[in-house]
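# Understanding the architecture of this molecule
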Amino acid sequence: MKISIKTIAKLAGCSTATVSNVLNNKGMFSQKTRSRVLEIVKKNNYTRNAIGRNLRTGKTETVGITFYRPNADIFRHEFYLGMMGALERTMAENNYEIILSEYTDTMVERGELPPFLAKGKADGMIALGGFPQHSIELFAHSQHPVVMLDTYAENVDCVITDGKTAVENAMKRLSELGHKRAFFFGFGLPDYNTDMRIQGFLSGVEKYGFDAQHSKICRNFVDTDGAVKEFQNIINGSARPSVIVSANDKVAVELLSAAKDMGVRVPEDISILGFDDTPISRLTSPKLSTIRTDIENMGRRGALLMLRRLADKDAEPVVEISVPQLIMRDSISRVAGA
């Protein structure tokens with residue numbers, strides 16, 4: 001015979017509301033009450049009827065996570081894998097499951113919401129990484145709880161980094177080390193973070209005495225193979241920079257490898273700076289200097305903003321901003337004679 005929540009409450013000597021709070025890990029109750037309720041639940045093999053509960057509350061207790069592969073290939077990028085891990089743990093601790101769904105080019109072209117929202121399978125959505133601007137506007141005006149994680153949208157909860165300030169600060173340090181010719185490498189895809197980091201690069205060139213004629217932005221590629229080809233052209237050209245600032249560690253690591261294949265010494269012949277401080281940056285040879293983002297904290301904060309939004313859909317939008325910090329390792333050195 002299946003036991004009911006009312007029977008559990010009677011056996012435990014408490015209210016059905018207390019039993020519900022214990023099972024959902026919400027509200028106030030003593031450890032003694034919790035232990036007693038859980039013991040009765042275990043002894044009687046009680047399982048909650050999630051479908052019935054969801055029909056009553058109108059909630060799925062699920063949040064959808066969507067990503068746009070050209071900008072955030074989460075299955076091949078350490079940055080987003082780390083962020084996803086912290087996000088999922090935080091949601092699970094608060095009794096929410098997640099659905100992971102790619103946002104495809106077809107959905108972009110048709111102006112569609114991710115299927116989990118369109119079909120009512122999730123209570124809200126966390127958009128991970130960059131998206132085309134018109135898709136971001138679609139999400140923001142969808143009337144669903146939305147959090148933008150690692151990108152920005154007006155009037156929406158966002159968790160972002162101040163890449164402009166972070167890169168500008170790094171440019172100051174590079175100038176102090178004697179660097180006056182700097183190139184910036186970033187994928188040629190619509191991306192808020194890359195745009196902000198480029199602003200920091202340009203501001204640093206202007207503020208800290210870089211040679212503006214020989215400090216350039218390289219963004220005519222969409223993958224690491226294209227970045228390597230651009231790097232090879234620059235190394236073989238006549239206006240080689242003394243340092244390359246990369247929009248992310250992924251590109252920077254590929255440039256380190258390409259330099260080694262070409263017989264170019266890092267940092268003696270050219271310095272390279274990454275961005276994000278993913279685990280691989282500490283495993284390269286030489287170890288990659290980079291700009292550290294607290295990846296796990298971003299994932300955790302994104303989940304907490306979503307939980308806040310689900311609890312209060314009328315709350316004022318919040319934008320949480322952190323400034324990544326420069327981490328000097330072995331891929332940057334002082335310019336000879338500086």
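In case you missed it, the structure is sitting above this.
Below is a summary of the structure that appears in this document. (Residues numbered from 1 in each chain as written. Predicted model: local features only at pLDDT ≥ 70, side-chain atom pairs only at ≥ 80, totals over all residues. Heavy atoms only, no water.)

### Some points on the overall build of the protein
Counting its regular elements, the protein contains 13 helices and 12 strands. For the protein, the spread of C-alpha atoms along the three principal axes comes to 80 × 45 × 35 Å. Evaluated residue by residue, the protein yields a buried proportion of 50% over its 338 residues. A fraction of 72% describes how many contacts in the protein between residues 6 or more apart in sequence connect residues 24 or more apart. Accessible surface computed for the protein: about 16,900 Å², of which carbon and sulfur atoms make up 48%. Of the side-chain charges in the protein, 43 are positive and 40 negative, and the distance between the mean point of each set is 9 Å. (Helix = DSSP H or I, 4+ residues; strand = E, 2+ residues; numbered from the N terminus. Buried < 20%, exposed > 50% of the residue type's maximum accessible area, 1.4 Å probe, protein only. Contact = heavy atoms within 4.5 Å. Areas by Shrake-Rupley, 256 points an atom, 1.4 Å probe, with all protein chains shown as cover. Lys, Arg positive; Asp, Glu negative; His and termini not counted. Charge placed at Lys NZ, Arg CZ, Asp CG, Glu CD.)

### Describing the sheet that holds strand β11 (residues 319-322)
Strands sit in the order β2-β1-β3-β4-β5-β11 across an open sheet of six strands; the sheet is parallel. Every other strand in the sheet has two partners, leaving β2 (97-102) and β11 as the edge strands with one partner each. Strand-to-strand twist of the sheet, defined as the mean angle between neighbouring strand axes without regard to direction, takes the value 15°. Relative to strand β5 (residues 157-161), strand β4 (residues 146-149) is paired through three bridges, and the arrangement is parallel. Residue pairing for β5: Leu149 is matched across the bridge by Val159. (Pairing = 2+ DSSP bridges. Axes fitted to C-alpha atoms, helices over the stretch in contact; angles between N-to-C directions.)

### Let's talk about the environment of Asp314
For Asp314, the position within the fold is in the loop between α13 (295-311) and β11. Along the primary structure Asp314 and Val245 are separated by 69 residues, whereas in three dimensions their C-alpha atoms are 41 Å apart.

### Remarks on the sheet that holds strand β8 (residues 243-246)
Overall, parallel pairing links the four strands, which are arranged β7-β6-β8-β9 in an open sheet. Of all strands in the sheet, those bounded by a partner on one side alone are β7 (216-218) and β9 (271-273). Geometrically, the sheet is characterised by an average inter-axis angle of 20° between neighbouring strands, direction not taken into account. Relative to β9, β8 runs parallel, the two being bridged by three bridges. Within β9, the position partnered with Ile244 by the bridge is Ile272. Here helix α11 (residues 224-235) sits on the sheet in contact with β6 (182-185), β7 and β8, set at roughly 165° to β6.

### As for the side chain of Asp157
By the secondary structure assignment, Asp157 is in strand β5. Taking the relative accessible area as the measure of exposure, Asp157 reaches 1% and is therefore buried. At a separation of 2.8 Å, a polar atom in the side chain of Asp157 contacts the side chain of Arg309. Of the polar contacts made by the side chain of Asp157, one reaches the backbone nitrogen of Val318; its length is 2.8 Å. Sequence-distant contacts of Asp157, defined by excluding residues within four places in its chain, comprise Val146, Val147, Met148, Leu305, Arg308, Arg309, Glu316, Pro317 and Val318. (Polar contact = N/O pair within 3.5 Å; in protein donor to acceptor, adjacent residues only side chain to side chain.)

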